[in-house]
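Spelled out, the chains give:
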Amino acid sequence: MFALIRELFPLCRSITGDGVRQTLRILERFIPLNVHEVPTGTQVFDWSVPKEWNIRDAYVKNSQGERIIDFRNSNLHVVGYSTPINRRMPLAEFRSHLFSSPEHPDWVPYRTSFYQDNWGFCVSHNQFLSLKDDVYEVCIDSSLEPGFLTYGEYHLPGKSSEEVLISTHVCHPSLCNDNLSGVAVSVFLASHLCRWPHRRFSYRFLFIPSTIGSITWLAHNEGIVRRIRHGLVLACLGDPGCLTYKRSRRSTAPIDRAAVYVLQQSGAPYEVLDFSPLGYDERQFCSPGFDLPVGCLMRTPNGRYPEYHTSADNLNFLRPEALLDSLEKALNILQLLEENDVFVNLNPMCEPQLGRRGLYQGTRGQSNPPEHEAALLWVLNGSTGSESLLDIAERSRLDFRVIRQAADALQSHGLLGTRTDTRASR
Amino acid sequence: MFALIRELFPLCRSITGDGVRQTLRILERFIPLNVHEVPTGTQVFDWSVPKEWNIRDAYVKNSQGERIIDFRNSNLHVVGYSTPINRRMPLAEFRSHLFSSPEHPDWVPYRTSFYQDNWGFCVSHNQFLSLKDDVYEVCIDSSLEPGFLTYGEYHLPGKSSEEVLISTHVCHPSLCNDNLSGVAVSVFLASHLCRWPHRRFSYRFLFIPSTIGSITWLAHNEGIVRRIRHGLVLACLGDPGCLTYKRSRRSTAPIDRAAVYVLQQSGAPYEVLDFSPLGYDERQFCSPGFDLPVGCLMRTPNGRYPEYHTSADNLNFLRPEALLDSLEKALNILQLLEENDVFVNLNPMCEPQLGRRGLYQGTRGQSNPPEHEAALLWVLNGSTGSESLLDIAERSRLDFRVIRQAADALQSHGLLGTRTDTRASR
Amino acid sequence: MFALIRELFPLCRSITGDGVRQTLRILERFIPLNVHEVPTGTQVFDWSVPKEWNIRDAYVKNSQGERIIDFRNSNLHVVGYSTPINRRMPLAEFRSHLFSSPEHPDWVPYRTSFYQDNWGFCVSHNQFLSLKDDVYEVCIDSSLEPGFLTYGEYHLPGKSSEEVLISTHVCHPSLCNDNLSGVAVSVFLASHLCRWPHRRFSYRFLFIPSTIGSITWLAHNEGIVRRIRHGLVLACLGDPGCLTYKRSRRSTAPIDRAAVYVLQQSGAPYEVLDFSPLGYDERQFCSPGFDLPVGCLMRTPNGRYPEYHTSADNLNFLRPEALLDSLEKALNILQLLEENDVFVNLNPMCEPQLGRRGLYQGTRGQSNPPEHEAALLWVLNGSTGSESLLDIAERSRLDFRVIRQAADALQSHGLLGTRTDTRASR
């Protein structure tokens, strides 16, 4: 994952343009993406697809002709979606187009102006303060023209047409945690899921520009939307902080309960946030007209770490072990949803005789039965067709794996039946 | 308010009689009261209106002819509703009609015997102990005869016929916090509400004797009762303690949630009590046959401060700044209820494009959006026609004013619709 | 109770056999039991009644002919349901049939093998370690043959055919807390209930072998099962620990609320456990096909005290005062259920005039009304036909007795009506 991020880092992504296309091309080495191109001007709900933005070069030269600000050093130096300009101007005029961050005087901030025509440069505050009264040559060699919005989609079919949605934004330039970490975890998650032999659910991975990308996808896929049972937005998954799960708008959807359960059981510190309509594309998936069961898995949430949206969110900020941990937990959450069946106890009047079936062994009388025997009793007692195995795991405080194994053992002895109709919807 | 209380303080109020009439006449200088006179014997539910009680003078003279207890010094010296008496008697006989409070030996307690014919005097415990074996002349020049129960009512119409009830008891003699403070806050609250230009609700202010007054009003106004949407009993609002809100029997009615929200947001200490069928006239408004959404706003609750129902509940016990704070919070609660609309997001599929409408400004990328932008997203996400702005304010932890302003901005851009039918009932 | 336990202690009980018969015969001196004999092989749900086990003698002799392990010293020395054996064998062979407990090297553990043919001896770990390499004569003079499962039942009729079930297991040999304590408390509880003159409920006491006993009873009494409104399993009631109530599967059934209320009000430490499908016969009563409102009253729960299922659970471990306290609390719980009526306020519009009826007395104005007056108001306010007196006691934080007395007073003045149809089912 780290190597993939390193390769993607230099590209100048934005909500449209060649940076996204190059990014998706690299991802196609790992998973077979379906790349969509949606023309500028396409109406998507209240929005329309914007013009396509591309940039070749940008700089500011002082009167000695030195490039004192240079896009070639960092694509963060240019405000995203800057309109083209090539003019000399005094510092006084130039200054109103300069952005810096006094709280972190060494870092270059990341700024955009997607839906309001403007241009600008971002610099460290130290550089900002050192700028002399001079006449500067300001050049942004960009284009903002009718074109396309590009996004990638990967659909991995399962036994059921019910879907799990995994969505990641791919519109940030040279920023690592936000969100090349999400891109890398999503790609590797897809690679793992490919190899699961008996997927109950179908999985759909989106690599989309933030906001306009999810709006475009939702506007064009209302039929698929009805099949989404669970979903995760992946973002900020490589920083040193603990894992954070932000609940869906529904707050206790199965994805919410599965994610919280996995984080609880991990033994590591974690945080759970209530839904808020601020953040990433869960804003759109959880808009009231859709209200999809889509949560967001992060480490430190956006805006809560100082490196957020600055040049300090670079390769040094990432922890390979954090990426791996994020991937593992995302896999655990999905696996739990795959295995979270609802069973019906076929022998509900008193306990069945487990000893006769070899499910109890040895002499009896000890203080506490072993965990796997307790799990058998919990599953039998809880399986009335309305409680899921996760419900039972939560109440029994036994591990989900132990509960699942008990259910398998009981099922193989004909003591549990499935209710396939209730399975996936829980 | 303090000046009004000072003027009302000397009057000898009771549940009937001229003290109440004089009190209401003074209040009419501030608000145009409708004064009702209900004849003795009128049946009101399980009760009947009692005889009218008036008192001109009362005293106890020792054998030297000195007035050692004198109604002219304090009307608390006479047990409320004492029947007339004029007789000499030895201390032994007299003593069983004397009430004092050993815990506060300098204070004269307040006692009544409204529904059981009796007479008595209240004295400080020090005086009680100093009484010598003597023959005393005991005189109470009172009358208890068929007459009227008097109460005042002020109706302030609004756009809707749905009503907010504000009820205050006016039956206590020279006691300040209980309840001249409530009377003064209620009168000034009415004066302020007069000046609100676009009142949604109609407001009804009651100045009534405790218990029998609310029972009488409820018995005679069952048609109005059906229109009551919110209500507050006002009592004990001038002492130095923090504000206390006692919930209605319904516990989470809009008045309960609005009051608790205003106290929470105030930043000052406060207390919230669950409903109990002990206290003031909320006992009747919240009797199970009515179960009205009427809470009680107080500072220190009745019976929880030592000065309660004693001569120490006098002008010195009141804090003008406490009266003002109580008035402000009552106004805030009512204003919140006035503004607590339920909206419907008219663009519920994804977010609408706020930037295009000038609701977002400038370049973007900063860590946290300003509060008013966050409020726009919260209102859009929450407005499904079932959540009120107060619901949204509580969940977002944003100030109700900020939420309300966001709703106004969204409504003026055609992004929110109202559901007038659901407004007032929440 | 202690004397009864002392008499029962030496008997070698098991899930079938003469030990149970002798035990029930002793109990019949206290209460008239109906003794049932269910033949071996009878099908009861998923189970069938096992063969009857009886034992006359058992020992292990060393090569000198000394009885080094002797059933006559303690019936715990033989694994319950051991098949007959009479053979010489070397230590190596013998050892796999020996059970001891290294954590408590002086105590003999209690072990069984009810549903798997086997034999064995239990010894202290110290004795286990001291066994020399020798040839031992191993003898168990037992029989495992078609016979009967024996249990006792006592039905105490009340005004209603709705039943309270009290169930106790009688299958443990010389163990005191588990469960001669439960047997003794149950017997004395029955003796007390006999003397209650106006029992609303009928009471049914079961003295049954664990698991197979309750399964057998449930299989044969489905008609009675439908009439069970409340139930308690009694076990481990004589140890020095605090009382523990384990909730029924329904979690907030009236029995659960009554038990928790009684423990709370006792002022003594106590513990409340959520339901789990591990424990005593509540496992069967609360299996999902029955889901009866049956909780379990214990002191220290099974498996949570070191003496559990060892020779240290003997007469010295019991505390007579703990037995008495357990009995009292069980009686309190049942009495509360008997008295927990649901009333309807017949005068729901405002308060009725209590003073006129002599329910209020004396002059008024004091800070706090006496408890019994507060209780009158709470009962009137809460009695809408859906809240029980226990609901009202919980909300008012007044004692249930005070609430009940207030209800009686109000009922005798015609202010409360009963809803006999809702009484018992709550």
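Residues numbered from 1 in each chain as written. Chains lettered and ligands numbered in written order. Predicted model: local features only at pLDDT ≥ 70, side-chain atom pairs only at ≥ 80, totals over all residues.

J.: Help me understand the sheet that holds strand 13 (residues 228–234) of chain C in this model?
T.: Neighbouring strands of a sheet are bound in pairs by backbone hydrogen bonds; such pairs are parallel or else antiparallel. All names here are of chain C. Strand order in the open sheet formed by eight strands is 1-10-12-11-13-16-14-15, and the pairing between neighbours is mixed. Taken across any chain shown, the strands that pair with only one partner, and hence form the sheet edges, are strand 1 (34–39) and strand 15 (270–273). Averaged over all pairs of adjacent strands, the angle between their axes in this sheet comes to 20°, without regard to strand direction. Pairing analysis gives four bridges linking strand 14 (residues 243–246) to strand 15, with the strands arranged parallel. If you follow Y245 over to strand 15, its bridge partner there is V272. This element, helix 2 (residues 18–27), spans strand 1, strand 10 (148–156) and strand 12 (202–208) of the sheet and lies at about 20° to strand 10. Contacts between helix 10 (residues 320–339) and the sheet are confined to strand 11 (163–169), strand 13, strand 14 and strand 16 (294–298), with strand 13 contributing the most and set at about 175° to the helix. (Pairing = 2+ DSSP bridges. Helix = DSSP H or I, 4+ residues; strand = E, 2+ residues; numbered from the N terminus. Axes fitted to C-alpha atoms, helices over the stretch in contact; angles between N-to-C directions. Contact = placed C-beta atoms within 7 Å.)

J.: Would you mind going over the interface of chain C and chain B with me for this structure?
T.: Quoted interface sizes are often the accessible area lost when the parts come together. Across the contact, 22 residues belong to chain C and 27 residues belong to chain B. Per element, the largest residue contribution to the side of chain C that touches chain B is five residues, and it comes from helix 11 (residues 371–382) of chain C. A breakdown of the residues in the side of chain C that touches chain B according to their chemical character gives nine nonpolar, ten polar and three charged. (Nonpolar A, V, L, I, M, F, W, Y, C, P; charged D, E, K, R; others polar.)

J.: Just checking my understanding: could you explain the relation of the copies chain A and chain C for this structure?
T.: Once chain A is rotated about the relating axis by 120° and shifted along it by 0.1 Å, it coincides with chain C to within an RMSD of 0.1 Å. Put plainly, the chains are arranged around a three-fold axis. The position closest to the rotation axis in chain A is occupied by the C-alpha of T252 of chain A, lying 13 Å away. (Least-squares fit on C-alpha atoms with pLDDT ≥ 70 in both.)

J.: Is there a simple way to think about the interface of chain A and chain C in this case?
T.: Chain A puts 22 residues into the contact, and the matching count from chain C is 27 residues. For the side of chain A that touches chain C, the element with the most residues is helix 11 (residues 371–382) of chain A, which contributes five residues. Residues belonging to the side of chain A that touches chain C are distributed by class as follows: nine nonpolar, ten polar and three charged.

J.: Hey, could you run me through the sheet that holds strand 1 (residues 34–39) of chain A in this one?
T.: All names here are of chain A. Taken together, the eight strands give an open sheet; going across it, the order is 1-10-12-11-13-16-14-15, and neighbouring strands pair in mixed fashion. With one partner strand each, in any of the chains shown, strand 1 and strand 15 (270–273) form the two edges of the open sheet. The sheet shows a mean angle of 20° between the axes of neighbouring strands, direction not considered.

J.: Sorry, what's going on with helix 12 (residues 389–396) of chain A here?
T.: Because each turn of an α-helix spans 3.6 residues, side chains separated by three or four positions in sequence point in the same direction. Residues and elements named next belong to chain A. Turning to helix 12, its buried residues are L389, L390, I392, A393 and S396. Viewed end-on, helix 12 has its buried residues packed into an arc of 160°, placing them on one side of the element. Each element contacted by the buried residues of helix 12 is listed here: helix 8 (254–266), helix 10 (320–339), helix 11, strand 18 (384–388) and helix 13 (400–412). Two residues or fewer after helix 12 comes R397, characterised by a positive phi angle close to 60°. (Buried ≥ 20, exposed ≤ 12 C-beta atoms within 10 Å, placed from the backbone. Arc of directions from axis to C-beta.)

J.: How do you make sense of the nonpolar core when you look at a structure like this?
T.: Soluble globular proteins: nonpolar side chains tend toward being buried together. Of all hydrophobic cores here, the largest spans 121 residues; its most connected members are V185, V379 and I403 of chain C. Sort the elements by how many residues they give to this core and helix 5 (residues 176–194) of chain C lands first, with ten residues. Not counting residues within four places of it along the chain, the set of residues in contact with V379 of chain C comprises I392, I403, A406, A407 and L410 of chain C. One finds Y110, I140, V185 and F207 of chain A within the second-largest nonpolar core, a separate group that totals 118 residues. (Core = buried A, V, L, I, M, F, W, Y, C linked by C-beta atoms within 7 Å.)

J.: Just checking my understanding: could you explain the domain arrangement of chain A for this structure?
T.: For chain A, the domain assignment lists domain 1 (2–50 + 148–339), domain 2 (53–145) and domain 3 (342–423). Using C-alpha coordinates to define each centre, domain 2 of chain A is positioned 65 Å away from domain 3 of chain A. (Domains from an automatic or database assignment.)

J.: I keep staring at the packing of helix 11 of chain A against helix 12 of chain A and nothing clicks. Help me out?
T.: Helix packing for two helices is described by the angle between their axes and how far apart those axes are. Residues and elements named next belong to chain A. Across the interface, helix 11 lies against helix 12 with an axial gap of 10 Å and an inter-helix angle of 125°. Between helix 11 and helix 12, the angle is such that the two are oblique. Seen from above, helix 11 lies across helix 12 with right-handed handedness. Mapping the contact onto sequence places W378, V379 and G382 in helix 11 and D391, I392, R395 and S396 in helix 12. Residues that form the contact of helix 11 with helix 12 fall into these classes: three nonpolar, two polar and two charged. (Parallel < 35°, antiparallel > 145°, perpendicular 65-115°, else oblique. Left-handed = near helix turned anticlockwise from the far one by under 90°.)

J.: What exactly am I supposed to notice about the packing of helix 12 (residues 389–396) of chain B against helix 13 (residues 400–412) of chain B here?
T.: All names here are of chain B. Where helix 12 meets helix 13, the axes come as close as 9 Å, and the angle between the chain directions of the two elements is 125°. In terms of orientation, helix 12 and helix 13 fall into the oblique class. For the pair helix 12 and helix 13, the crossing hand works out as right-handed. Of the residues in helix 13, those in contact with L389, L390, I392, A393 and S396 of helix 12 are F400, I403, R404 and A407. Taken together, the residues of the contact of helix 12 with helix 13 break down into seven nonpolar, one polar and one charged.

J.: Whenever I open this one, the pairing of strand 13 (residues 228–234) of chain B confuses me. Can you help?
T.: On a regular strand, one side chain projects to one face of the sheet and the next to the other, so that they alternate. All names here are of chain B. Burial analysis of strand 13 places seven of its seven residues in the buried class, the great majority of the element. Pairing analysis gives five bridges linking strand 11 (residues 163–169) to strand 13, with the strands arranged parallel. Each residue of the ladder has a partner; that of E163, found in strand 13, is I228. Across four bridges, the pairing between strand 13 and strand 16 (residues 294–298) is parallel. Bridging across to strand 16, G231 finds its partner in V294.

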